Amino acid sequence: MPRQSPQRPLMLLPSTGIGGCEVFFGRLVEAVIAPHRRVSLAFPDVGEVRRLIDAPRGRRSLYLPWLGANERAGSDWGSFSRQYARACDLLRRTDADFVWMVLPAPEAAVGMMAAAHDLGIPGICVFQLAASAVAVPSAERRRARSALMTGLLPVAVSDDNRAAIAATFTLPPQRIRVIRNAAELRPPPSGDDERAATRRSLGLLPDQMLIITVARLTHQKGYDLLVEVARAWQAAGRSAKFLWLGDGEWRSRLIDATRGLRNVVMAGRVQAEDVRRYLAASDVFVLPSRWEGTPLALSEAMSMGLPVVAAAIGSICEMVRDTDAALFAAGDAAALDSVLRRVVDRPDERRRLGAAALARHASYGSFDMLRLYQALVPEATGRRAARITRCRAAVG
């Protein structure tokens, strides 16, 4: 008998901030909504998150609130019991027959995993960011592991990510699929006119180099290394300017650290169209992250044909080879400085790296990524777990 496609999917995003994970969720929503008449979306009632999701979801979905910051009792994601109770309620109210979870941390929705397992609802659980194993209380880990070994298919976005998820939930690595993130932007049809206007708006001279970073303002993303490089370049009289797009908990710290640096522009978080516009106006993309899932911003920069300078960490090295990008040792400001100088000072190297990045991206884009997710749905649907009465009793 052919497996029936899900008719009433529920999609969960537990985040309260905006980054690559949340952008990925928004794009996945677009893909999942298209073939369905009704999709239920659960995420915290936070203005920034709602604005990100509202555009793709339109009127073809039902919004249901997930745990907000005031319901998490001081923890990052809320207690297991709160997660579990909310999950049971949402699954009952929506009569969901499939669950999509997009998780910025392994422990972000263990309650939803357990609830889906107890109600026999299959699904796909996408772990977007995990650099190492996370300590999860043993009882909760066992519940999550049972779900991930039966009705839920776990997906990691890199090989490093898979190893961390396997260690966190004591899963066999082969149980976890790897589907790397991908995204693309297209250069503006107006080309040089828009590029020139954007560069003028940043106060750039016609031949001045613009080095862009698109990432949350956090320790993870290596902005402290960029501050060191910007300070050294200004002292040396180098004319290049650094443009940083993003927001995060390091914003105030970085504002203080860049005070007096005339070669740094912090533009904050901008809309997707502005990201494309700023990338098109830039000469080099740099990402000095200490760890990553699979950074969407890197994929977008590659799709624009920008030369890439990036930290040589596992997940980035899965996206680009040393022939596709200029790589440096993660956490090493001197190495970043040296590699970035070489790329900025050599036009032929920039052209070569830009062409290599574009060719590399052409081999795996968002269409390929979504096709792999769609191919998993029938398998996940066929792994429906046995129904357990615990959750049914919990939701009445």
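Heads up: the structure comes first, above all this text.
Residues numbered from 1 in each chain as written. Predicted model: local features only at pLDDT ≥ 70, side-chain atom pairs only at ≥ 80, totals over all residues. Heavy atoms only, no water.

Engineer: Please give an account of the environment of Gly354 that cites residues and values.
Structural biologist: The topology assignment puts Gly354 in helix H14 (residues 347–362). Overall, the relative accessible area of 4% leaves Gly354 in the buried class. Sequence-wise, Gly354 and Gly305 are 49 residues apart; in three dimensions their C-alpha atoms are separated by 4.7 Å. Setting aside residues no more than four positions away along its own chain, Gly354 makes contact with Gly305, Leu306 and Pro307. (Helix = DSSP H or I, 4+ residues; strand = E, 2+ residues; numbered from the N terminus. Buried < 20%, exposed > 50% of the residue type's maximum accessible area, 1.4 Å probe, protein only. Contact = heavy atoms within 4.5 Å.)

Engineer: Describe the side chain of Gln83, and please don't skip the residues or the numbers.
Structural biologist: Tracing the backbone through its elements, the reader meets Gln83 in helix H3 (residues 80–94). Judged by relative accessible area, Gln83 falls into the buried class, the value being 1%. Reaching out from Gln83, the side chain makes a polar contact with the backbone oxygen of Ala108 at a distance of 3.3 Å. With sequence-adjacent residues up to four places away left out, Gln83 is seen in contact with Trp66, Leu67, Trp77, Gly78, Glu107, Ala108, Ala109, Val110, Gly111 and Met112. (Polar contact = N/O pair within 3.5 Å; in protein donor to acceptor, adjacent residues only side chain to side chain.)

Engineer: Summarise the sheet that holds strand E2 (residues 39–43); cite the residues concerned and give the values.
Structural biologist: Taken in spatial order, the 7 strands make up an open sheet running E3-E2-E1-E4-E5-E6-E7, and their pairing is parallel. One side of each edge strand has no neighbouring strand; the edge strands of this open sheet are strand E3 (61–65) and strand E7 (177–178). Across 2 bridges, the pairing between strand E6 (residues 152–156) and E7 is parallel. Paired with Val155 across the strands is Arg177, a residue of E7. Each of strand E4 (98–103), strand E5 (123–127), E6 and E7 is contacted by helix H15 (residues 366–381), which is oriented at about 130° to E5, the strand it contacts most. (Pairing = 2+ DSSP bridges. Axes fitted to C-alpha atoms, helices over the stretch in contact; angles between N-to-C directions.)

Engineer: Go over the packing of helix H11 (residues 296–303) against H14 with me, naming the residues and quoting the values.
Structural biologist: Their axes nearest at 7 Å, the elements H11 and H14 cross at an angle of 110°. One finds that H11 runs roughly perpendicular with respect to H14. Crossing of H11 over H14 shows left-handed handedness. Counting all contacts with H11, which are made through Ser299, Met302 and Ser303, the residues of H14 involved are Ala357, Leu358, Arg360 and His361. Residues that form the contact of H11 with H14 fall into these classes: 3 nonpolar, 3 polar and 1 charged. (Parallel < 35°, antiparallel > 145°, perpendicular 65-115°, else oblique. Left-handed = near helix turned anticlockwise from the far one by under 90°. Nonpolar A, V, L, I, M, F, W, Y, C, P; charged D, E, K, R; others polar.)

Engineer: With reference to specific residues and values, describe the pairing of strand E12 (residues 308–311).
Structural biologist: Because side chains alternate across E12, one face comprises the buried residues Val308 and Ala310, and the other comprises Val309 and Ala311, equally buried. Relative to E12, strand E11 (residues 284–287) runs parallel, the two being bridged by 3 bridges. Across the sheet, the residue bridging to Leu287 is Ala310, located in E12. Once the chain exits E11 it traverses H11 before rejoining the sheet at E12, and the crossover so formed is right-handed. The sheet contact formed by E12 and strand E13 (residues 326–328) spans 3 bridges and is parallel. The residue bridging Val309 from the neighbouring strand is Ala326, located in E13. (Right-handed = clockwise from strand over helix to strand, strands pointing away.)

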